Amino acid sequence: MKKYVWAGLSALLFSLPVQAKDVTVSDAWSRATASGQENGMVQAIITSKKEAKLIGASSKACQSVELHSMVTEGGMMKMRQVEAIELPAGQAVDLGAQGYHLMLIGLKKPLQEGKKVAVELKLRDASGKEKKVKMNATVRSMTGAKPQMPHGHMQH
Ligand SMILES: [Cu+2]
């Protein structure tokens, strides 16, 4: 009798980790940067089948990647680093629409239109299991759509 209980429990435990296919990323894009511009941004739509949080990211294209939100304070737009972005189960989370973006800090070279930037997302599910998800963001032209203000010019 006990044996069956354990078999059931271990099956449950092994089913808990978030599988790569449980997370889909669509419409990942970045914006081309001018030479000398240190930071870039990336947008994406992330859907996790299970409740999870986006807790970080990394990319070989830059020194570090931060999760940022845009807030208006006293009439000024400011970017603020956030620790995590909630990904409710089965919901497509459009980072940009929610006021978020991934900030590529310390670009090794300018992002060129038409190229792709590989970014690895770090997610944590409700049970605390961490998972990495790779995505490729297409670099779009500098102009067009909404202008993204670079760091350093935000508080003028
Ligand atoms: Cu930012």
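The following paragraphs examine the structure supplied in this document. What you are looking at is a predicted structure, and each value in this text was computed from that prediction instead of being measured. (Residues numbered from 1 in each chain as written. Predicted model: local features only at pLDDT ≥ 70, side-chain atom pairs only at ≥ 80, totals over all residues. Heavy atoms only, no water.)

### Brief notes about the coordination of the copper ion
The protein atoms that coordinate the copper ion are H68 (ND1), M79 (SD), H101 (NE2) and M103 (SD), at distances spanning 2.1 to 2.2 Å. In this structure, the copper ion is surrounded by 4 donor atoms whose angles at the metal cover 86 to 121°, and the resulting shape is tetrahedral. Between the donor residues of the copper ion, the gaps in sequence give the motif H-x10-M-x21-H-x1-M. When sorted by exposure, H101 lands in the same class as M103, which is buried. (Donors = N, O, S within 2.8 Å, 3.2 Å for Na, K, Ca; no water. Tetrahedral: all angles 85-135°; square planar, octahedral: opposite > 155°, others 65-115°. Buried < 20%, exposed > 50% of the residue type's maximum accessible area, 1.4 Å probe, protein only.)

### What to know about the nonpolar core
L54, L102 and L121 are the most contacted members of the largest nonpolar core, which totals 30 residues. For this core, the secondary structure elements donating two or more residues are β1 (23–31), β2 (40–48), β3 (52–58), β4 (62–73), β6 (85–87), β8 (100–107), β9 (116–125) and β10 (130–140). Excluding anything up to four places from it in sequence, L121 contacts V25, I46, L54, G56, A57, L102, K131, K132, V133 and M135. (Core = buried A, V, L, I, M, F, W, Y, C linked by side-chain atoms within 4.5 Å. Helix = DSSP H or I, 4+ residues; strand = E, 2+ residues; numbered from the N terminus. Contact = heavy atoms within 4.5 Å.)

### Side note on the pattern of salt bridges
Applying the stated criterion to the full structure yields 7 salt bridges. Taking the shortest distance from any N to any O, the salt bridge between D27 and R140 comes out at 3.2 Å. A residue pair is termed long-range when its members are at least 10 positions apart, and D27 in strand β1 and R140 in strand β10 qualify at 113 residues. By relative accessible area, R140 is classed as partly exposed at 35%. Residue E73 is joined to K78 by a salt bridge in which the shortest nitrogen-to-oxygen separation is 3.4 Å. Taken together, the shared-partner salt bridges in this structure form one network comprising E73, K78 and R80. (Salt bridge = Lys/Arg side-chain N within 4 Å of Asp/Glu carboxyl O.)

### Brief notes about unusual backbone geometry
Here the phi dihedral of D27 falls at roughly 50°; this positive angle occurs in a residue that is not glycine. The exposure class assigned to D27 is partly exposed, which follows from its relative accessible area of 46%.

### Some words on the environment of R140
Between the C-alpha atom of R140 and that of K116, which follows or precedes it by 24 residues, the distance is 9.3 Å. With near-sequence residues (within four places) excluded, R140 lies in contact with D27, W29, S30, R31, A32 and E113.

Everything listed here is a matter of geometry and, on its own, says nothing about what the molecule does.
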